[in-house]
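Next come the chains, spelled out residue by residue.
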Amino acid sequence: MTDNTTNIREVVLDVLLEVLENHNLSHIVLKQALEKYLFLERQDRAFITRCVEGTLEYRIQIDAVLDRFSKVKTAKMKPVIREILRMSVYQILYMERVPDSAVCNEAVKLAKKRKFQGLSGFVNGVLRKLSGGKETLKRPDKKNKVLYLSVTYSMPEWLVKHFLTEYSFEETEQIFAAFMQVRPVTMRFRLGLSDKEKEAVIRGMEEKGCVVEQHAFFPMAYYLKNCENVTELPGFAEGLFTLQDVSSMEAVLSAGIKPGDKVLDICAAPGGKTVLAAELATEKGQVLSRDVSEKKTVLIEDYVNRMGLNNVTVEAADATVFDASLENTMDVVLADVPCSGLGVMGRKRDIRYRQKEEALMELPKLQKEIVKNAVRYVKPGGILLYSTCTLNRAENEDMAAFIEKELLMKPVLKNTTAEKGYVRLTPHVQDTDGFFFARFRKEEK
């Protein structure tokens, strides 16, 4: 690490202030910061990433620790001081290579540099007390299940209660623990690449210091480890590979898209499912890829162009508004609907803090509006694939039942793991994002 450690911590502080105090999206703010400081050494950028992501992920636990060692409760602190202390607590508790003394000293320097000289002694005192007392820290008693799970896994109490209504205490803890694990990026090669071409791309990645491992149970997928700036790796710009979670790949494959099929991806951004669908449909087929705004369709167009696909049409369209021109025309409709995102909290660490209980109740209404239209676009004998990246029953199993019973679609996803016509993937079992998909056929009259 460079000698200019305070500057590195200033970057962390600025990102945390943007995310936690100004309520901006963490993955966007962090990405912008890393792009701005590309000149920093790799280990410095890794420090920034880990410190930001860890502080965000463990925020509830960190605040509980601070409230134990500080006379001023976290909620009452000045924003700059609060974020300096939060990032410092994370370093003391979870970044073993950073000496506690260095954390304390740098926090004091940072407080002074941000014109809080009068509070530098307070910062020093709290962190020194924590450093001396961290071995005595204990998790809350399991007798209070909600408090235990909330503090241990940094989950808002309302969200803990919600999970406990749908899962056992043991499974809820396993899911939360899986969210806290660092999982590598997952990628797949463009369909049709030869083994030689794949080997050449892998060699190029390895020359950049990446470790590439084929997925044990899903050979299409590969883990990328020890990689920074994946989009700069050889082969990415040329569309030889793309980033996609196993759950997303598996869902699209389960739709059974064939060469020549006409496919509609109704809520398509950022475009991963559209791209795989287009590859499966081949040049003989056609994919219509839609999302609600031009901002989103630009993302899809960029993705499609990078992958060199010529069989995709991208349009801005509101999925809740019925388009009569598409009625009964599609072989396959992909309905990856807007959802609460509770299955991807391990990757998007601020979902747990941004999601609201009221929104969880409202989302199924929106999903039903979209699905009613999606079913009308499927031609007789065609397929609807419904999917979400959440673990919420109202958005998953209940929606599958609605599609079957109210919209009269026949569940056709039948195998040893999907006897009810759907698949629910959980991170602690399948080592994927939390994901749900169900496949239905429109009966021919």
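This text follows the structure it describes.
Attention in this report is confined to the structure presented alongside it. Every chain is numbered independently, its residues counted from 1 as its sequence is written. This being a predicted model, a pLDDT of at least 70 is required before a residue's local features are given, and a value of 80 or more before pairs of side-chain atoms are given or counted; all residues contribute to the totals for chains, interfaces and linings. Side-chain numbers here rest on the full set of heavy atoms in the structure, without hydrogens or water.

**Remarks on the environment of glutamate 443**
Move 1: Looking at the secondary structure, you find glutamate 443 in the segment after strand S12 (435-441).
Move 2: Expressed as a C-alpha distance, the spacing of glutamate 443 and aspartate 398, which sit 45 residues apart in the sequence, is 21 Å.
Move 3: Two residues form a contact once any of their heavy atoms are found within 4.5 Å. Ignoring anything within four residues of it in the chain, the contact list for glutamate 443 reads Pro380, Gly381 and Lys410. A run of H or I in DSSP counts as a helix once it spans at least four residues, and a run of E counts as a strand once it spans at least two, with each numbered from the N terminus.

**Topic: the state of the cysteines**
Move 1: To count as a disulfide, a pair of cysteine sulfur atoms needs to be within 2.5 Å. Summed over the entire model, instances satisfying the criterion amount to one disulfide.
Move 2: In this model, cysteine 210 is linked to cysteine 227 through a disulfide, with the two sulfur atoms separated by 2.0 Å. In this pair, cysteine 210 is assigned in the loop between helix H11 (195-207) and strand S2 (211-214) and cysteine 227 in the loop between strand S3 (221-225) and strand S4 (241-243), connecting sequence segments 17 residues apart.
Move 3: The classification of residues rests on relative accessible area computed with a 1.4 Å probe and restricted to protein chains. Under 20% of the type maximum is buried, over 50% is exposed, and intermediate values are partly exposed. Under the relative-accessibility criterion, cysteine 227 is labelled partly exposed at 22%.
Move 4: Not engaged in a disulfide, the cysteine cysteine 51 finds its nearest cysteine sulfur in cysteine 104; these two sulfurs lie 14 Å apart.
Move 5: With relative accessibility at 0%, the residue cysteine 51 sits in the buried group.
Move 6: In this model cysteine 339 remains outside any disulfide bridge; the closest cysteine sulfur is found in cysteine 389, 3.5 Å from its own.

**Side note on the packing of helix H9 (residues 157-166) against helix H10 (residues 169-180)**
Move 1: Where H9 contacts H10, the axes come no closer than 8 Å and their chain directions differ by 125°. Classified by the interaxial angle, the pair formed by H9 and H10 is oblique. Viewed along their axes, H9 and H10 form a crossing whose handedness is right-handed. In contact with Val160, Phe163 and Leu164 of H9, H10 contributes Phe169, Thr172, Ile175 and Phe176. In this analysis an axis means a line fitted to C-alpha atoms, helices contributing only their contacting stretch, and an angle means the value between N-to-C directions, from 0 to 180 degrees. In what follows, roughly perpendicular refers to angles from 65 to 115 degrees, roughly parallel to angles under 35, roughly antiparallel to angles over 145, and oblique to any angle outside these ranges. Here a crossing is taken to be left-handed if its near helix is turned anticlockwise relative to the far helix by less than a right angle, and right-handed if that turn runs clockwise.

**Examining the pairing of strand S5 (residues 262-265)**
Move 1: Pairing between S5 and strand S6 (residues 286-291): four bridges, direction parallel. Bridging from a neighbouring strand, leucine 264 pairs with leucine 288 of S6.
Move 2: Handedness of a crossover is defined as follows: with both strands directed away from the viewer, a clockwise route from the first strand across the helix to the second makes it right-handed. Once you follow S5 into helix H13 (residues 272-281) and on to S6, the crossover reads as right-handed.
Move 3: A pair of strands is labelled paired if DSSP reports no fewer than 2 bridges between them. Across three bridges, the pairing between S5 and strand S8 (residues 330-336) is parallel.

**A look at the packing of aromatic side chains**
Note on aromatic pairs: each is described by the distance of the centres and the angle between the planes.
Move 1: Ring geometry is summarised as follows: Phe, Tyr and Trp rings, the Trp one being its six-membered ring, pair when their centres sit within 6.5 Å, and such pairs are stacked at plane angles under 30 degrees, edge-to-face over 60 and tilted between the two. Applying the stated criterion across every chain, the model contains 14 aromatic pairs.
Move 2: Each ring, one from tyrosine 90 and one from tyrosine 94, has its centre 5.4 Å from the other, and the planes form 25°; the classification is stacked. Of this pair, tyrosine 90 and tyrosine 94 both sit in helix H5 (residues 79-94), four residues apart, which is roughly one turn of the helix.
Move 3: Residue classification places tyrosine 90 among the buried residues on the basis of a relative accessible area of 5%.
Move 4: Given a relative accessible area of 27%, tyrosine 94 falls into the partly exposed group.
Move 5: Aromatic pair phenylalanine 322 and tyrosine 377: ring centres 5.4 Å apart, planes at 5°, arrangement stacked. One end of the pair, phenylalanine 322, is in the loop between strand S7 (312-316) and S8; the other, tyrosine 377, is in helix H16 (residues 357-377), with 55 residues separating them in the sequence.
Move 6: The class for phenylalanine 322 is partly exposed, based on a relative accessible area of 25%.
Move 7: Here a set of aromatic residues connected by ring pairs shows up, and it is made of Tyr153, Phe163, Tyr167 and Phe176.
Move 8: The aromatic ring of phenylalanine 236 is capped on one face by arginine 306, whose charged end is 3.7 Å from the ring centroid. A ring is considered to have a charge above it if a Lys NZ or an Arg CZ atom is located within 6 Å of its centre and within 35 degrees of its normal.

By themselves, these observations are geometric and do not establish any function.
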